[in-house]
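Per-entry structural report
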Amino acid sequence: MRAGIFDSGIGGVSVLKSLMDSKIFAEMIYYGDTARVPYGSKDKETIIKYSLEALEFFAPFELDYLVVACNTVSAYALESMRAKASYPIIGVVDSGVLALQNALQDKDSPILIIATQATTVSQVYPLALNNLGYHNTTSIATPLFVPFVEEGILEGEFLHQCLHHYFKDLQTPPKAIILGCTHYPFIAQEIKSYFKGETLLIHSGEAIVEYLRSQGIYDIHHQTQVEFFSSENSEKLKLIAQKLLAL
Ligand code: DGL
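On a predicted model such as this, the values are computed, not experimentally measured, just so you know. (Residues numbered from 1 in each chain as written. Predicted model: local features only at pLDDT ≥ 70, side-chain atom pairs only at ≥ 80, totals over all residues. Heavy atoms only, no water.)

Here we come to the nonpolar core. Among the nonpolar cores identified, the biggest contains 48 residues, and L19, I114, F145, F167 and I191 are the most heavily contacted of them. Beyond its immediate sequence surroundings of up to four residues, I114 is in contact with I140, T142, F145, F167, I177, I178, L179, G180, C181, Y184 and I191. Counting residues in each nonpolar core, the second largest holds 24 residues, with F6, Y31, I48 and L63 among its members. (Core = buried A, V, L, I, M, F, W, Y, C linked by side-chain atoms within 4.5 Å. Buried < 20%, exposed > 50% of the residue type's maximum accessible area, 1.4 Å probe, protein only. Contact = heavy atoms within 4.5 Å.)

Shown next, in the form of structure tokens:
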């Protein structure tokens, strides 16, 4: 099976990594819209327009599935994309919610959702969680984590100050955190240790794998071939992706 992986930039490599480990797909085509990242600061119409343009990029590849690794695209553009595509399109939001539901039974538990500005404003995560009875949710837009990851700053005092900037006013330590942005799994350990290691983290990549398996998509291949493309400077994307995949 051949899957496309779409992200606004490089962060979707966190999802790609989980999919590679799962060996579900024999071939994966990664496309990052690096010329126009970040999507998280853009409006709904722009996010939909760019996402539909990404479908045009994938058109020659005859995909079996498209995995939208980007939370911001998953929050705004899935419906418009599905209306135009002839293959299934899977987003990270539903998968993340399902993963949380599987991992956390206590509906009173405090849940923190961190994401881009656009995903936070869309409220897709708290609305879906509230529908399932999880009522104790807090959302914080944490866009500064994105450039930290892009710069390769994955630990240290500078990152710690940024974590403190966003989390210092939380009244109760969260029982679970939804990493609602593709970049965040790369700083997951730092987020976990900020909360003394006692918080459950929901990672989009692992959630997608869990979701695909729950849908009976089980093919196991011994080797997964990956090709990288981006809207500018594919060589740079390939280099950063290789570094992130090696973490
Ligand atoms: N890929 C985006 C997401 O998961 C984060 C980066 C951006 O703002 O485009 O929401």
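Another point: the packing of aromatic side chains. If you walk through the whole model with that rule in mind, you get 18 aromatic pairs. A centroid spacing of 6.0 Å and a plane angle of 85° characterise the contact between Y31 and F58, whose relative ring orientation is edge-to-face. Taken together, the positions of Y31 in strand 2 (residues 27-32) and F58 in helix 2 (residues 44-58) put the pair 27 residues apart, joining distant regions of the chain. According to the relative accessible area criterion, Y31 is buried, its value standing at 9%. (Phe/Tyr/Trp six-rings, centres within 6.5 Å; stacked < 30°, edge-to-face > 60°. Helix = DSSP H or I, 4+ residues; strand = E, 2+ residues; numbered from the N terminus.)

Before going further, it helps to spend a moment on the packing of helix 1 (residues 13-22) against helix 12 (residues 234-245). In the contact formed by helix 1 and helix 12, the axes pass within 10 Å of each other and the chain directions differ by 55°. With respect to their mutual orientation, helix 1 and helix 12 come out oblique. For the pair helix 1 and helix 12, the crossing hand works out as right-handed. Counting all contacts with helix 1, which are made through V13, L16, K17 and M20, the residues of helix 12 involved are A241, L244 and L245. Of the residues assigned to the contact of helix 1 with helix 12, the class counts are six nonpolar, no polar and one charged. (Axes fitted to C-alpha atoms, helices over the stretch in contact; angles between N-to-C directions. Parallel < 35°, antiparallel > 145°, perpendicular 65-115°, else oblique. Left-handed = near helix turned anticlockwise from the far one by under 90°. Nonpolar A, V, L, I, M, F, W, Y, C, P; charged D, E, K, R; others polar.)

Moving on, we come to the state of the cysteines. Following the criterion strictly, the structure yields zero disulfides and no others. Cysteine C162 is unpaired, with the sulfur of C181 as its nearest cysteine sulfur at 12 Å. The exposure class assigned to C162 is buried, which follows from its relative accessible area of 6%. Classification of C181 by relative accessible area gives buried; the value is 6%. (Disulfide = S-S within 2.5 Å.)

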